Amino acid sequence: MRSSPPGSPPADPRRGSATITSHLLRYLSVVAAERGHDLGPALRRAGLSEAALSAVGLRISYRQSSQVIREAMSELGDPALGLAVGRRQRVTAWGLVGLGLQASPTLFDAVVLGVRYHGLTGSMLDYRLESVPGGAAILPTARYADYELQPFLIEEAFSSTVALIRCALHDDFAPHAVVVRHPCPAYGDEYERYFRCSVSFEAPDDRLVLGTDWLERPLPGADAYTVAQVVGLLESARTLGRERQDLVEGLEVSVARSLPHVPPLTHQAQARAMSERTLRRRLAECGTTYEALVDSVRLVRAEELLTTGDMPLGRVAELLGFSDARTLRRAVTRWFGVSPSEVRRRGTAPARPETAVCARRTVS
């Protein structure tokens, strides 16, 4: 848990929404196990388990996933963990999306499909595809303001994309260029060794540039029938997922804006032109309850208040809608496994990753 940079926006309550698949954490667990480390305790502290990560249809929140990643980076002592997790993945890591990539006619078609359905692959970033001279660029953008974790997410995204393309097309594949906004880390040379292309740090944006020579290549597993079948399933999953996500996120935003008062479920149902019973059923289909949703919103707000200032606990409790500081202490211990003072201490004394100067690969 880290403090936000000065001037950063308030914590987004949607960070607590269970809308992310577990693909990334599954491979993080694999990498940790291969290094002799048990990620089980970190998963349990985030309210997850190793068995749950393999459950079909499981959705986790950004907060849960980011908490596990931070603990893994700290416990494994590897600042380049994002690259390692990405390199470890194969086409099957992305489930139906991976099958669609493999069956696409060309690499360009595969990239278009991957960008369109990235939300079903456990991605913690959002993506768009942009035409550039001599090819196309995949541009990831942060879903939430999470400056500390951004390098890990970018590295995992770019290295996993390259790993999947090498698996589906040819091991000689190399992107035209890798461009990132963060400074060159101490392990910066690993970028060029793995990506086998030009790498630029401290750039205006993050982008993985693919050349036309590779994009136009046909994929050996191309199958029009399989692609059509996969796209049909992905569209259904995306539509259902979007409806559920809109419902959960809409309720979370409503609760966050109303704190310290929590709107009764009856009012929430009326605002959505449905009965209270129907709203409870729809939330159950999303794998949650209104009470759990309110708890999640309070958790995100509590983390923000405790890690970005020294507000008295009584006042924090009041802003969250708790009766007193004692009730807040119990909730914080349940959420984070530590006391409010420990949450505050961790948030005001963040450890900064070591970086190295790589001027020759820096974009002005």
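Refer to the structure printed above.
Engineer: Is there a simple way to think about a nonpolar patch on the surface in this case?
Structural biologist: Together, Leu96, Leu99 and Leu233 line one region of the surface with nonpolar side chains, adding up to about 250 Å² of accessible area. Within the element layout of this structure, Leu99 appears in helix 6 (residues 95–103). Overall, Leu99 belongs to the partly exposed group, its relative accessible area being 37%.

Engineer: Help me out: how do you make sense of unusual backbone geometry in this one?
Structural biologist: The phi torsion of most residues other than glycine is negative, and most of the peptide bonds are trans. Residues Leu259 and Pro260 are joined by a peptide bond in cis, for which omega reads 15°. Phi is positive for Glu202, which is not a glycine, with a value near 55°. Mapping Glu202 onto the fold places it in the loop between strand 6 (198–200) and strand 7 (207–211). Using a relative accessible area of 42% as the deciding quantity, one classes Glu202 as partly exposed. The phi angle at Ala273 is positive, at roughly 55°, despite the residue not being glycine. When you line up the elements, Ala273 lands in the loop between helix 12 (265–271) and helix 13 (276–285).

Engineer: What's the story with the side chain of Arg207 in this structure? I'm lost.
Structural biologist: With respect to the element layout, Arg207 can be found in strand 7. You can call Arg207 buried: its relative accessible area is 16%. Here the side chain of Arg207 touches Asp205 through a polar contact of 2.9 Å, side chain to side chain. Setting aside chain neighbours within four positions, we find Arg207 in contact with Glu130, Val132, Ala137, Ile138, Leu139, Phe158, Ala177, Val178 and Val179.

Engineer: Can you walk me through the pairing of strand 3 (residues 125–132) in this structure?
Structural biologist: Where strand 3 lies against strand 4 (residues 135–142), eight bridges are found, and the strand directions are antiparallel. Its bridge partner lying in strand 4, Arg128 is registered against Leu139. Two successive antiparallel strands, strand 3 and strand 4, enclose a turn made up of two residues, where Gly134 displays a positive phi of approximately 80°.

The rules behind the values
Residues numbered from 1 in each chain as written. Predicted model: local features only at pLDDT ≥ 70, side-chain atom pairs only at ≥ 80, totals over all residues. Heavy atoms only, no water. Patch = residues over 30% accessible without salt bridge, like charges linked within 9 Å, V, L, I, M, F, W, Y side chains within 5 Å. Areas by Shrake-Rupley, 256 points an atom, 1.4 Å probe, with all protein chains shown as cover. Salt bridge = Lys/Arg side-chain N within 4 Å of Asp/Glu carboxyl O. Helix = DSSP H or I, 4+ residues; strand = E, 2+ residues; numbered from the N terminus. Buried < 20%, exposed > 50% of the residue type's maximum accessible area, 1.4 Å probe, protein only. Polar contact = N/O pair within 3.5 Å; in protein donor to acceptor, adjacent residues only side chain to side chain. Contact = heavy atoms within 4.5 Å. Pairing = 2+ DSSP bridges.

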